[in-house]
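# Geometric and topological summary
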Amino acid sequence: MTDKLIIFDTTLRDGEQSPGASMTREEKLRIARQLERMRVDVIEAGFAASSEGDFEAIRAIAGEVRESIVCSLARAGERDILRAAEALRPASRFRIHTFIATSALHMEKKLRMSPDQVYEQARRAVRLARSFTDDVEFSAEDGSRSGLDFLCRVLEGVIDEGATTINVPDTVGYAIPDGYAELIRSLRERIPNSDKAVFSVHCHDDLGLAVANSLAAVKLGGARQIECAINGLGERAGNTALEEVVMAVKTRRDFFGLDVNVDTTQIVAASKLVSEITGFAVQPNKAVVGANAFAHASGIHQDGVLKARDTYEIMRAEDVGWSANKIVLGKLSGRNAFKQRLRELAIMIDDEAELNAAFVRFKALADREAIVSDEALIALAKESEGMGTNHSHF
Ligand code: KIV
Ligand code: ZN
């Protein structure tokens, strides 16, 4: 068992499955760049066979991202796997993530397949995926509601075919931390070749337990990959929130004893970027990335924090990317403050001339409006795109 926890981000795939959160190729690229800057281990860039647009977005991300592994989802069938492999071809390192449902309910009612057929199809899919890459993930959809014996049989079979990551999703958000952790633990214990794969968790938040389930499976079950999304974006009630699991494992390293690669100072920028692109506001009291997450309102708390921050703060705002002191941008603000806020919003203007032009427009705006909001800054940055500046800076 490694002492490293792999962070697998699925904002661009499961996150995009949130009703109303669909993203263009350019928007996905902007998010992928930020995820890479944040040093997530794996970026699930999309589901190549689902549409031409998704295929193109994955290909563009695969062509640009160099530090993170780029991944595409694929149903356990030949066409999907070929599309995924094709889209991922430009990547320096890539993963094919193939899945099929293993619960009796899904096999009978949705797939209309027998357990033997599902078993054979899962093995075939992994065998085919392995002909393109040695980094293959297999997911047993509705894993948390699947029969243990059958799940063991399928997972042993796909590891035998070369799957290197085994994901056991709580697809419908039904699991409870103790039971889910026990499921992962017993799979690892019962499957004879389980030591040849990393066990992964993928939880949905229907009961508000996605983060708790993921962390329990890591601590008690031995999972070493968490699938998650920025701001907890995802199908229905969403996925495990990346910012919450990462900060839990980092803040309570004394308890988890695990290393995480993520540069946490990029978290707020990622959150703002995803919120701006999807139009999904982040609630003010949201852990880590909500506007009030580090605000102290009561007199007793303010007094305590002024005397010693750790009286009421378990994390430092700067460590997740909030500026230590909230600077209000207006007509008296200088270039440095302007540049810093752009950086916090994941807007990167490297070119000096472009930055100067944007600053002049900011000053003109600040003359008309007392306080320049983040939304106004984002709009101002978008104007730069319209004026022919290099889009790739954003
Ligand atoms: O929730 C789920 O089961 C999934 C799988 C495709 C991994 O998103
Ligand atoms: Zn999911």
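The model shown is predicted, which means the values in this text are computed figures rather than measured ones.

### Here we look at the coordination of the zinc ion (ligand 2)
Those donors, D14 (OD), H202 (NE2) and H204 (NE2), are the protein atoms that reach the zinc ion (ligand 2), and they lie 2.0 to 2.1 Å from it. In the primary sequence, the donor residues of the zinc ion (ligand 2) line up as D-x187-H-x1-H. For H204, a relative accessible area of 4% gives the class buried.

### Considerations on the domain arrangement of the protein chain
Segmentation of the protein chain into domains returns domain 1 (6-278) and domain 2 (296-393). The gap between the C-alpha centroids of domain 1 and domain 2 is 33 Å. Opposite the 15 residues of domain 1 that make contact, domain 2 presents 18 residues. For the domain 1 and domain 2 pair, buried surface summed over both sides reaches about 1,400 Å², with 60% attributable to carbon and sulfur atoms. The three residues of domain 1 that bury the most area against domain 2 are V268, K272 and E276, which together make up 36% of that side's buried surface. Counting every contact that joins domain 1 to domain 2 gives one salt bridge. Notably, a salt bridge pairs D374 with K272, separated by 3.1 Å at the nearest N-O pair. Linking domain 1 with domain 2 are four residue pairs in polar contact (both at pLDDT 80 or more). If one sorts the elements of the side of domain 1 that touches domain 2 by residue count, helix α11 (residues 267-278) sits on top with six residues.

### Topic: the packing of aromatic side chains
Remark: the centre distance and the inter-plane angle together describe each pair of aromatic rings, the angle taken between the planes. Enumeration over the complete set of coordinates arrives at four aromatic pairs. Taking the centre distance of 5.0 Å and the plane angle of 90° together, the rings of F255 and F256 count as edge-to-face. With 5.4 Å between their ring centres and 50° between their planes, F338 and F359 make a pair best called tilted. Here the residue F338 occupies a position in helix α13 (residues 335-344), and F359 occupies one in helix α14 (residues 352-368), the gap between them amounting to 21 residues. Pair check on accessibility: F338 and F359 agree, each one buried. Linked through ring pairs, F338, F359 and F362 together constitute an aromatic cluster. Positioned above the aromatic ring of F55, the side-chain terminus of R83 is 3.8 Å from the ring centre. Sitting over the face of the ring of Y119, R153 holds its NZ or CZ atom 4.1 Å from the ring centroid.

### A closer look at the packing of helix α2 (residues 52-64) against helix α3 (residues 78-88)
Look at α2 against α3: their axes get within 7 Å of each other, and the N-to-C directions meet at 40°. By the angle between their directions, the pair α2 and α3 is classed as oblique. Of α3, the residues touching α2 (which contributes E52, F55, I58, R59 and A62) are R83, E86, A87 and L88. Partitioned by chemical class, the residues of the contact of α2 with α3 number five nonpolar, no polar and four charged.

### A closer look at the confidence of the model for the protein chain
Detailed reading of the predicted coordinates is not advisable wherever pLDDT falls low. Mean pLDDT over the protein chain works out to 93, with 96% of the residues at or above the 70 mark. Within the protein chain, strand β5 (residues 136-141) carries the highest mean pLDDT (99), whereas helix α15 (residues 374-386) carries the lowest (77). This stretch, residues 388-394, has a pLDDT under 50; its non-local contacts, to residues over four places away or in other chains, come to 21 contacts.

### A closer look at the packing of helix α7 (residues 177-190) against helix α8 (residues 210-219)
Between α7 and α8, the shortest axis-to-axis distance is 8 Å and the interhelical angle comes to 40°. When the axis of α7 is compared with that of α8, the two are oblique. Crossing handedness for the pair α7 and α8: right-handed. Contacts between α7 and α8 pair P177, Y180, A181 and I184 from the former with A212, N213, A216 and A217 from the latter. Counted by class, the contact of α7 with α8 contains seven nonpolar, one polar and no charged residues.

### What to know about the site of ligand 1
The immediate surroundings of ligand 1 are formed by R13, D14, H97, F99, S139, E141, N167, P169, T171, H202 and H204. In this structure, R13 approaches ligand 1 through a side-chain N or O atom, which is 3.0 Å from an oxygen atom. Here H202 contributes a side-chain N or O atom positioned 3.1 Å from an oxygen atom of ligand 1. In isolation ligand 1 has 260 Å² of accessible area, and contact with the protein removes 94% of it.

### Describing the side chain of T102
Position of T102 relative to the elements: it lies in the loop between β4 (94-101) and α4 (104-111). Among the residues examined, T102 registers a relative accessible area of 1% and is labelled buried. Side chain to side chain, T102 and S146 meet in a polar contact 2.8 Å long. Setting aside anything within four residues of it in sequence, one finds T102 in contact with M107, V118, A140, E141, G143, S146, F150, L151 and V154.

### What to know about helix α5 (residues 115-130)
Between the first and last C-alpha of α5 there are 23 Å, a value that for 16 residues agrees with the 22 Å anticipated at 1.5 Å per step. Every buried residue belonging to α5 is among V118, Y119, A122, R123, A125, V126 and A129, and all of these are buried. The buried residues of α5 all sit within an arc of 160° when viewed along its axis, so they share a single face. Here the buried face of α5 lies against α3, β4, α4, β5 and α6 (148-160).

### Overview of the sheet that holds β5
Taken in spatial order, the eight strands close into a barrel running β1-β2-β3-β4-β5-β6-β7-β8, and their pairing is parallel. Across the sheet, the axes of successive neighbouring strands diverge by a mean angle of 25°, strand direction being ignored. On the sheet, α4 packs against β4 and β5 and is oriented at approximately 85° with respect to β4.

Each value, and the rule that gives it
Residues numbered from 1 in each chain as written. Chains lettered and ligands numbered in written order. Predicted model: local features only at pLDDT ≥ 70, side-chain atom pairs only at ≥ 80, totals over all residues. Heavy atoms only, no water. Donors = N, O, S within 2.8 Å, 3.2 Å for Na, K, Ca; no water. Buried < 20%, exposed > 50% of the residue type's maximum accessible area, 1.4 Å probe, protein only. Domains from an automatic or database assignment. Contact = heavy atoms within 4.5 Å. Buried area = accessible area lost by both parts, 1.4 Å probe. Salt bridge = Lys/Arg side-chain N within 4 Å of Asp/Glu carboxyl O. Polar contact = N/O pair within 3.5 Å; in protein donor to acceptor, adjacent residues only side chain to side chain. Helix = DSSP H or I, 4+ residues; strand = E, 2+ residues; numbered from the N terminus. Phe/Tyr/Trp six-rings, centres within 6.5 Å; stacked < 30°, edge-to-face > 60°. Lys NZ or Arg CZ within 6 Å of the ring centre and 35° of its normal. Axes fitted to C-alpha atoms, helices over the stretch in contact; angles between N-to-C directions. Parallel < 35°, antiparallel > 145°, perpendicular 65-115°, else oblique. Nonpolar A, V, L, I, M, F, W, Y, C, P; charged D, E, K, R; others polar. pLDDT = per-residue confidence, 0-100. Left-handed = near helix turned anticlockwise from the far one by under 90°. Near = heavy atom within 4 Å. Areas by Shrake-Rupley, 256 points an atom, 1.4 Å probe, with all protein chains shown as cover. Expected span 1.5 Å × (residues − 1). Arc of directions from axis to C-beta. Pairing = 2+ DSSP bridges.

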